[in-house]
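Here is what each chain is made of, one letter per residue.
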Amino acid sequence: MWQYTTYNLKEGPEKWDEIKEELADRIEVIWKEYAPNMKADNILSRYVHTPLDISREMISMFKGSMVQGGMIPNQMGIFRPFKSAAIPPYRTPIKNLYMCGCCTHPTGGLIAAPGYNAANAISEDLKIKKWWKPFVPEV
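Residues numbered from 1 in each chain as written. Predicted model: local features only at pLDDT ≥ 70, side-chain atom pairs only at ≥ 80, totals over all residues. Heavy atoms only, no water.

*Asks:* Please clarify how the overall build of the protein chain should be interpreted in this entry.
*Replies:* The number of helices and strands found in the protein chain is four helices and zero strands. Secondary structure elements in the protein chain, listed N-terminal to C-terminal, are α-α-α-α. Taking 139 residues into account, the globule formula puts the C-alpha radius of gyration at 14 Å, and the protein chain, at 19 Å, lies well above it. When its C-alpha atoms are laid out on the principal axes, the protein chain stretches across 50 × 35 × 30 Å. The buried share of the protein chain, taken over its 139 residues, is 29%. Across the protein chain, contacts joining residues at least 24 apart in sequence account for 42% of those joining residues at least 6 apart. When the accessible surface of the protein chain is totalled, it reaches about 10300 Å², and 62% of it is carbon and sulfur. Computed over 17 positive and 15 negative side-chain charges, the separation of the two mean positions in the protein chain equals 11 Å. (Helix = DSSP H or I, 4+ residues; strand = E, 2+ residues; numbered from the N terminus. Rg over C-alpha atoms; globule rule 2.2 N^0.38 Å. Buried < 20%, exposed > 50% of the residue type's maximum accessible area, 1.4 Å probe, protein only. Contact = heavy atoms within 4.5 Å. Areas by Shrake-Rupley, 256 points an atom, 1.4 Å probe, with all protein chains shown as cover. Lys, Arg positive; Asp, Glu negative; His and termini not counted. Charge placed at Lys NZ, Arg CZ, Asp CG, Glu CD.)

*Asks:* Could you clarify how one ought to interpret helix 4 (residues 113-125) in this entry?
*Replies:* Given 3.6 residues per turn, any residue in an α-helix points the same way as the ones three and four places further on. Its 13 residues give helix 4 an end-to-end C-alpha distance of 18 Å, which sits within 8% of 18 Å, the value for a rise of 1.5 Å per residue. Listed in full, the buried residues belonging to helix 4 are Pro114, Ala118, Asn120, Ala121 and Ser123. Two residues or fewer after helix 4 comes Lys127, characterised by a positive phi angle close to 55 degrees. (Expected span 1.5 Å × (residues − 1).)

*Asks:* How do you make sense of helix 1 (residues 16-34) when you look at a structure like this?
*Replies:* Counted at 1.5 Å a residue, the expected span for helix 1 with its 19 residues is 27 Å, and the 26 Å between its end C-alpha atoms agrees. The complete set of buried residues in helix 1 reads Trp16, Ala24, Ile27 and Glu28.

*Asks:* Please clarify how the pattern of salt bridges should be interpreted in this entry.
*Replies:* Pairing of side chains with opposite charge becomes possible as their charged atoms draw close. One pass over the full model with this rule turns up eleven salt bridges. The partner of Arg46 in a salt bridge is Glu21, and the shortest N-O contact between them spans 2.6 Å. Of the two residues, Arg46 sits in the loop between helix 1 and helix 2 (51-57) while Glu21 sits in helix 1, which places them 25 residues apart along the sequence. Classification of Arg46 as partly exposed rests on a relative accessible area of 35%. Here Glu28 makes a salt bridge to Arg46, at a shortest N to O gap of 3.1 Å. Placement of Glu28 in helix 1 and of Arg46 in the loop between helix 1 and helix 2 is noted, with a sequence separation of 18 residues between them. A single network of salt bridges, built from pairs that share partners, joins Glu21, Asp25, Glu28, Lys32 and Arg46. (Salt bridge = Lys/Arg side-chain N within 4 Å of Asp/Glu carboxyl O.)

Now the structure itself:
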């Protein structure tokens with residue numbers, strides 16, 4: 001499960017190192033209210049990863065951000081990750097080098113849309129037949 005939370009704590013972000021397991025325990029208790037079959041004997045493992053851990057390991061995810069980059073007008077939508085890199089989408093000036101992930105359109109998060117969109121660009125450029133059905137949004 002993924003629980004959104006803040007990077008900045010009252011005591012500073014370093015406090016995450018002290019409290020992350022305690023918070024995970026509290027979240028687990030709440031989950032068990034909704035999933036009563038979630039018991040200690042069927043939880044195989046748990047890995048607690050805080051916004052501080054994320055920012056330590058992935059510098060592009062500033063302060064544990066899920067979106068890689070600023071959520072500011074000049075880095076939103078088609079301007080992700082920055083205006084000159086967004087057109088044509090997912091392509092770079094280096095032949096056959098593509099960008100995808102939270103830093104690209106349609107903004108960040110864990111939605112898989114940037115990877116899907118990059119796969120479409122790659123298949124077009126390399127003339128690879130798409131084996132997936134195109135996504136057509138309902139209007």
